[in-house]
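# Chains, contacts and geometry: an overview
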Amino acid sequence: MRKSIFCLTASALFLTAFQPLGTLLTAPFGYSFSISNFTVFSVITALIFIALTILSLKKNDEPHSKASLVIFLITTPLLIIDSFFYIILYHENIRTRASILLLIIPLVCSFYLMLKYAEVTIIKPIILSLSVIMLLMLLPLVFISVFFSSPNTVIKTVYAQDSHRYAEVIDSDQGALGGDTFVDVYAADNPFFKISKRVYEGNWGEWEYMSIYWKDEHTLVINSHEYYIK
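Please read all numbers here as calculations on a predicted model, not as lab measurements.

Criteria and thresholds
- Residues numbered from 1 in each chain as written.
- Predicted model: local features only at pLDDT ≥ 70, side-chain atom pairs only at ≥ 80, totals over all residues.
- Heavy atoms only, no water.
- Helix = DSSP H or I, 4+ residues; strand = E, 2+ residues; numbered from the N terminus.
- Buried < 20%, exposed > 50% of the residue type's maximum accessible area, 1.4 Å probe, protein only.
- Contact = heavy atoms within 4.5 Å.
- Areas by Shrake-Rupley, 256 points an atom, 1.4 Å probe, with all protein chains shown as cover.
- Pairing = 2+ DSSP bridges.
- Axes fitted to C-alpha atoms, helices over the stretch in contact; angles between N-to-C directions.
- Phe/Tyr/Trp six-rings, centres within 6.5 Å; stacked < 30°, edge-to-face > 60°.
- Lys NZ or Arg CZ within 6 Å of the ring centre and 35° of its normal.
- Patch = residues over 30% accessible without salt bridge, like charges linked within 9 Å, V, L, I, M, F, W, Y side chains within 5 Å.
- Salt bridge = Lys/Arg side-chain N within 4 Å of Asp/Glu carboxyl O.
- Expected span 1.5 Å × (residues − 1).
- Polar contact = N/O pair within 3.5 Å; in protein donor to acceptor, adjacent residues only side chain to side chain.

### A few points about the overall build of the protein
Each helix and strand counted, the protein has five helices and eight strands in total. For the protein, the succession of helices and strands along the chain, N to C, is α-β-α-α-α-α-β-β-β-β-β-β-β. The buried share of the protein, taken over its 230 residues, is 42%. Considering only residue pairs separated by 6 or more positions, the protein has 61% of its internal contacts joining residues 24 or more positions apart. Counting only carbon and sulfur atoms, one obtains 68% of the accessible surface of the protein, whose full area is about 12,700 Å².

### So, the sheet that holds strand β6 (residues 212-216)
Across the sheet, three strands lie side by side as β6-β7-β8; this open sheet has antiparallel pairing. The sheet is open, and its two borders are formed by β6 and β8 (225-228), each paired with just one other strand. Averaged over all pairs of adjacent strands, the angle between their axes in this sheet comes to 30°, without regard to strand direction. Pairing of β6 with strand β7 (residues 219-222) involves four bridges; the strand directions are antiparallel. The partner of Y213 across the bridge, within β7, is V221.

### Description of the packing of aromatic side chains
Taken as a whole and judged by the stated rule, the model has eight aromatic pairs. Here the aromatic rings of F18 and F33 are separated by 5.5 Å at their centres, their planes lie at 70°, and the arrangement is edge-to-face. Of the two residues, F18 sits in helix α1 (residues 2-26) while F33 sits in strand β1 (residues 32-35), which places them 15 residues apart along the sequence. With relative accessibility at 7%, the residue F33 sits in the buried group. Measuring from centroid to centroid gives 5.2 Å for Y159 and Y166, while their planes differ by 45°, and the two rings are tilted. Each member of the aromatic cluster is reached from another via a ring pair, and the members are F14, F18, F33, F41 and F193. The residue whose ring lies beneath K194 is Y186, and the NZ or CZ to ring-centre distance is 5.6 Å.

### Quick word on unusual backbone geometry
The phi torsion at N223 lies on the positive side, around 50°, for a residue other than glycine. The residue N223 is located in the loop between β7 and β8 in this model. Of note in the backbone geometry, S224 takes a positive phi value of approximately 75° without being a glycine. Topologically, S224 is positioned in the loop between β7 and β8. Residue class for S224 comes out exposed when judged on its relative accessible area of 69%.

### Some remarks on a nonpolar patch on the surface
Together, I122, I123, I126, L130, I133 and M137 make up an exposed nonpolar region whose accessible area comes to about 620 Å². As for its placement among the helices and strands, I123 is situated in helix α5 (residues 123-147).

### Notes on helix α2 (residues 38-58)
Taking 1.5 Å as the rise per residue, α2 with 21 residues should run 30 Å; its terminal C-alpha atoms sit 31 Å apart, in good agreement. Of all the positions in α2, only F38, F41, S42, T45, A46, I48, F49, L52, T53, L55 and S56 are classed as buried. If you check the start of α2, you find a side-chain oxygen 3.3 Å away from the backbone N of T39, and it comes from N37.

Next up, the structure:
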């Protein structure tokens, strides 16, 4: 049972750190990292945390490994950081009760697991206090995302000749503030994650008369200007 709990705990840590770690590794190179299917990823993460919580209720007297106890201590702040990334990257998806619930369930479970199992040291109250502060900062962002943020709409997808990369023309509608037209290039289409780079930012509605095509597999032409893609 201890091995099963450790495997679930390690999986929870991996899934929690996946988005922030991917962003940190790709950002210095000018790329953006995102998960291909936010809903599926969030459901899997929530189910793992639910399973850990159920096991903790059924096995109160069974000790956990030291590694599991450390993971229980750090997953709560990581999940809150994760939620910041999700809301910023997938704000158009976080508009329903189900999507908000998928963010809340792992947080509630991780708070419970940390309070129950993390060893009582000076680090525990510090991490708990920081987690509460970050959570209070997260709540207004959730409110803004649900009620005020405007979605980005993919207007057109243009594939390169090699079909291993493509460009998306995006209409960013910001309501009374106007909006923008973006062009993001995806280096590869992966079933688990996407790595993209923003190569163009234009005025709102510019996509209506935009000329965009691939000259070759490394050169994207937007309104007669060439953009080299490594």
